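Letter by letter, the chains look like this.
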Amino acid sequence: MTPDIYIYAPLLIASLLIFSWSCYRRISLVNVGRPEDRFRNPLQRLLGVFLYAIGQKRVISRSFGLNHAVIFWAFAILLIANGEFLLAGLFPGVGLVLLPDPLHHALLLAFDVVSLIALSAVVLAAIRRIFFAPEYMATSYTSPRSLEAFLILGCIALLMLAYFGLHGTMVATGKAPGSHMPLSSLAAYAMAGVPAEGLQSLAAFFWWLHVIILLLFMNYLPHSKHMHILTAIPNCFFAGLDKPNTQSREEFAKGESFGAGSVDQLAWKDLFDGFSCTECGRCQGVCPAVATGKALNPRQVIHDIKTNLLNGRFDQETFKADKPLIGDGEGSVSEDAIWSCTTCGACMAACPVFIEQMPKIVKMRRHLVQMKARFPEELLSLFENMEGRSNPWGIAPTDRTKWYSTMAVKTFAANETEYLLYVGCAGSFDSRQKHVTVALTTILDAAGISWGILGKEELCCGDSLRRLGNEYVFDRMAKQNVQLFKDKGVTKVITQCPHCFTTLKNDYRQYGLELEVIHHSELIDKLLTSGELKLNHQVADFGRIVLHDSCYLGRHNDIYQPPRQVIATATGTAPIEFERNQENSFCCGAGGGRMWLEEQQGTRINLNRIEEALANKPDTLCVSCPYCLTMFTDGLKDLQADQTRVRDIAEVVAEGLRPEQ
Amino acid sequence: MLVVACIKQVPDTTQVQIDPVTNTLVREGIPFIVNPYDTHALEEALYFKDQFGFRVAAISMGPPNAEATLRKALALGVDDAILLSDRCFGGADTLATSNVLSAAILRLNQQEEVGVVLCGKQTIDGDTAQVGPGIATRLGYTQLTLVDRIESLDPVKKTIRVRRKLEGRYEIVEAPLPVMLTVVRELNRPRYPTVPMRIDSADAQVQVWDNTVLGLDVNSCGLKGSPTWVSRIFSPERDKGEIIGDGFGDPVGTAKLLIHKLLSKDLLHA
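The structure displayed is predicted, hence computed values, not measured ones.

Asks: What exactly am I supposed to notice about unusual backbone geometry here?
Replies: The general pattern is negative phi for most residues beyond glycine and trans for most peptide bonds. Between B:Leu177 and B:Pro178 the backbone carries a cis peptide bond, its omega angle lying at -5 degrees. Looking at where B:Pro178 falls in the secondary structure, it is placed in the loop between β11 (169-176) and β12 (179-183). A positive phi is found at A:Gln56, a non-glycine position, where the angle reads about 55 degrees. Within the element layout of this structure, A:Gln56 appears in the loop between α2 (42-54) and α3 (57-60). The exposure class assigned to A:Gln56 is buried, which follows from its relative accessible area of 5%. Phi angles above zero are rare outside glycine, and A:Phe64 is one such case at about 70 degrees. Considering the arrangement of structural elements, one finds A:Phe64 in the loop between α3 and α4 (65-90).

Here it is as structure tokens:
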């Protein structure tokens, strides 16, 4: 079938022009954002593209993701067929037909089969949306049964049907080799009784149907969530490489503005994220704030930033938003939402295309704290305690050494002690966590590790401040700590808190300090494996142990196996797993500075997690983070589930060091 | 109208220790903070500024390093920060201190009419609660202590209505301006400085007024002007505490142990 070139050519050119213009209009809006380097380490980035965009690794990691992968790969193959189709309309005779027959026939077979697979996948997707949509697909601005979703699925299905229709007529009229096109042959078989003119009209009908759907679909793309087929692959390329991928430093110069109070104060990649979102809802499905009825929904945050950007206008060269970024209603992110984030990182780990929800929230927190001095009132004393006394409770810094008042503990000295034991605020001041500190030191001594502490000179690492957006004070504390570590010649550090761990290891790197930081779970695991630490007996006192993965150890630093192995070695039994474990672990509720905030909306995050634990009827809930320890101890009390205890893994191991009775 | 907040730099008392030999405060390495009650006085002054557009001056008497305290006030938004510092002001008791502060307020009054002077109800190092009333007496201002709420302020009629928090009761009083208020913590929630304000305050001017500016009789200020002196400072004797039992591993046993101890010392009656 050859179309009238005078109709087809202008139609095609106009469509392509409008499509390009729409894409340009939208994507160029990201220039409103601040500059940020997302090109360094291009090879690593390309690898990410192969693994996650082309390989669809994260997409298929969740239920039904394979269906999307099938559509994606089918789309990639059919892109060739559709490209040829559009081109052949302009230049009849040009196309795959020019290839050697065996290759041409193989491609025709592939297109035929792939089109059927794509059609089936699209039908399955529609069925899922109608009958089995997971709860997380629905949100305030869209639903699984949205018109947009069915328009997209419908377009794809129609394209496939038109393909079979058109190729059916071609097989029927002998213009295509039916022997290599089983599905199109089937269509041809269905047209068996149609006379020749009828076939010609049918061919024209299917051809035009295919062209019109294709061009309409193409022009619908930039205005829909389907835009992601253009942006998701680059978004995987631009993914953050730092861990934890939370935030960059700020320069505190006069006249500057800090944090993000408007879209133009976000980075360009923050804005690009909005165009890459497919609205799959996976971030929403894993978010502890959403699960417990808070104001925050990470998907909504991305949507609102995008809406805010799209509703703005340009006054000369300057971008003017039509409403504030932080506020209420669509296109703004509410303050309640901003303060609800535990920075657990579940949303970012779930996003198939590497959208960064959490850093945007921290940027908005920075704006509220640093430019407006506006934050929940509980934080005022936290901020002052941190700045004045370098610990969250405002306890006298001289009390930092009280935990070892009756023990002999060495002070760190560069040539005399190998490791610095960075005790941390909880380990130094929290009456419960002090037991963990003591257990850990017992283990270190039993293994013959050379360690020392900073004693009264130790300062808070500043983790909560950074996650809460008080970057200015964090910056000062980080500089003090970095100087202190450099002065003391510290190179190897042991921490018992994943928050100290990640701050010393990852955040201080931005200040030019490369430390070998080891979390106690890794160190104990290493010592047990190497035989340097020998237990006197197998630990049996803790009964059934269920292990919780702390967000800042697991998702933020990929440490999953050491705590498991430690428990397995110490008790002889592998720990029981939560249903949501490892990278799917569910936050205790204390991260991101939420430890210091009241939880006023919805239900409690710690109770959500404890109820999950109790389903396993554990005797002991094992953690390796002081925040988790506090949250779960409190939660078990709330639920009057005193039969279950909370223990740090160091306490479990230390039990095995007691003399055998 | 000018609002004056009197603030003082004090040692962070949670971190203060007393040298058992010399009976003096160990000041080495002890950080200084703004007297906590004064932060509420400052907040209220800034609130008046927000509400009525009054100009706010923060004044502090102290050694040169007390400048840090005034810089914090600048970061919070005061218009003028004035450090009253002179060797002859040193070693002052509450009388000499109120003499110096009153002289500074009088001087400020020459530039712009002072309507309200705010002080914390007391400082956490001296705990006398005398300086505020001392200022009011010296300046002849109405004195309203222990204010926990400002009911109203009328800048035209020049009157103020406040609530005083007294033992077991409240008292609502009205007084003509100028007035000296001492405030309690319940009055307000101090604000937090924004970062641009902090950065700007780093190079803002803290004025230093010495006695050549105030022109006080040296016998009325500092050690010479102080009829009170501290003869001895000491910590009350206290037996050293001890940790008994294993409260974590054996809470019931430890509780029993504690009860026995208390019974044996006749601190508890069975």
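Asks: Is there a simple way to explain the sheet that holds strand β10 (residues 645-648) of chain A in this structure?
Replies: In any sheet, the strands associate via hydrogen bonds between backbone groups, in a parallel or an antiparallel arrangement. Residue and element names in this part refer to chain A. The parallel open sheet is built from four strands, whose spatial order is β8-β7-β9-β10. In the strand order of this sheet, the two ends are held by β8 (576-577) and β10, each with one partner. Looking at chain direction, strand β7 (residues 545-547) and β8 are connected through two bridges and run parallel. Bridging across to β8, leucine 547 finds its partner in glutamate 577. Across the sheet, helix α24 (residues 561-571) is in contact with β7, β8 and β9 (620-623); its angle to β7 comes to roughly 165 degrees. Along the sheet, helix α26 (residues 626-638) contacts β9 and β10; its crossing angle with β10, the most-contacted strand, is approximately 170 degrees.

Asks: Would you mind going over the domain arrangement of chain B with me for this structure?
Replies: When the parts come together, some accessible area is lost, and that loss is often what is quoted as the size of the interface. Each assigned domain of chain B is listed here: domain 1 (2-225) and domain 2 (239-270). A C-alpha centroid distance of 46 Å is found between domain 1 of chain B and domain 2 of chain B.

Asks: Would you mind showing me how to read helix α16 (residues 357-371) of chain A here?
Replies: Within an α-helix, residues lying three or four positions from one another point in the same direction, as the helix has 3.6 residues per turn. With 15 residues, α16(A) should reach 21 Å at 1.5 Å per residue; the first-to-last C-alpha distance of 21 Å fits that figure. Note on α16(A): the residue one or two positions beyond its end, A:Ala373, has a positive phi of about 50 degrees.

Asks: Mind showing me how you'd approach the domain arrangement of chain A here?
Replies: All names here are of chain A. By the assigned domains, chain A splits into domain 1 (5-237), domain 2 (263-371) and domain 3 (380-655). Between domain 2 and domain 3, the residue contacts involve 23 residues of the former and 26 residues of the latter. Carbon and sulfur atoms supply 58% of the area that domain 2 and domain 3 bury against each other, a total of about 1,800 Å² over both sides. On the domain 2 side of the interface with domain 3, the three residues burying the most area are Thr292, Lys294 and Thr342, jointly 26% of the side's total. If you look at where domain 2 meets domain 3, you find two salt bridges. Of the charged contacts, one joins arginine 366 and glutamate 471 as a salt bridge, the two residues approaching to 3.1 Å between their closest N and O atoms. Inspection of the region where domain 2 meets domain 3 yields 16 residue pairs in polar contact (both at pLDDT 80 or more).

So, how was this worked out
- Residues numbered from 1 in each chain as written.
- Chains lettered and ligands numbered in written order.
- Predicted model: local features only at pLDDT ≥ 70, side-chain atom pairs only at ≥ 80, totals over all residues.
- Heavy atoms only, no water.
- Helix = DSSP H or I, 4+ residues; strand = E, 2+ residues; numbered from the N terminus.
- Buried < 20%, exposed > 50% of the residue type's maximum accessible area, 1.4 Å probe, protein only.
- Pairing = 2+ DSSP bridges.
- Contact = heavy atoms within 4.5 Å.
- Axes fitted to C-alpha atoms, helices over the stretch in contact; angles between N-to-C directions.
- Domains from an automatic or database assignment.
- Expected span 1.5 Å × (residues − 1).
- Buried area = accessible area lost by both parts, 1.4 Å probe.
- Salt bridge = Lys/Arg side-chain N within 4 Å of Asp/Glu carboxyl O.
- Polar contact = N/O pair within 3.5 Å; in protein donor to acceptor, adjacent residues only side chain to side chain.

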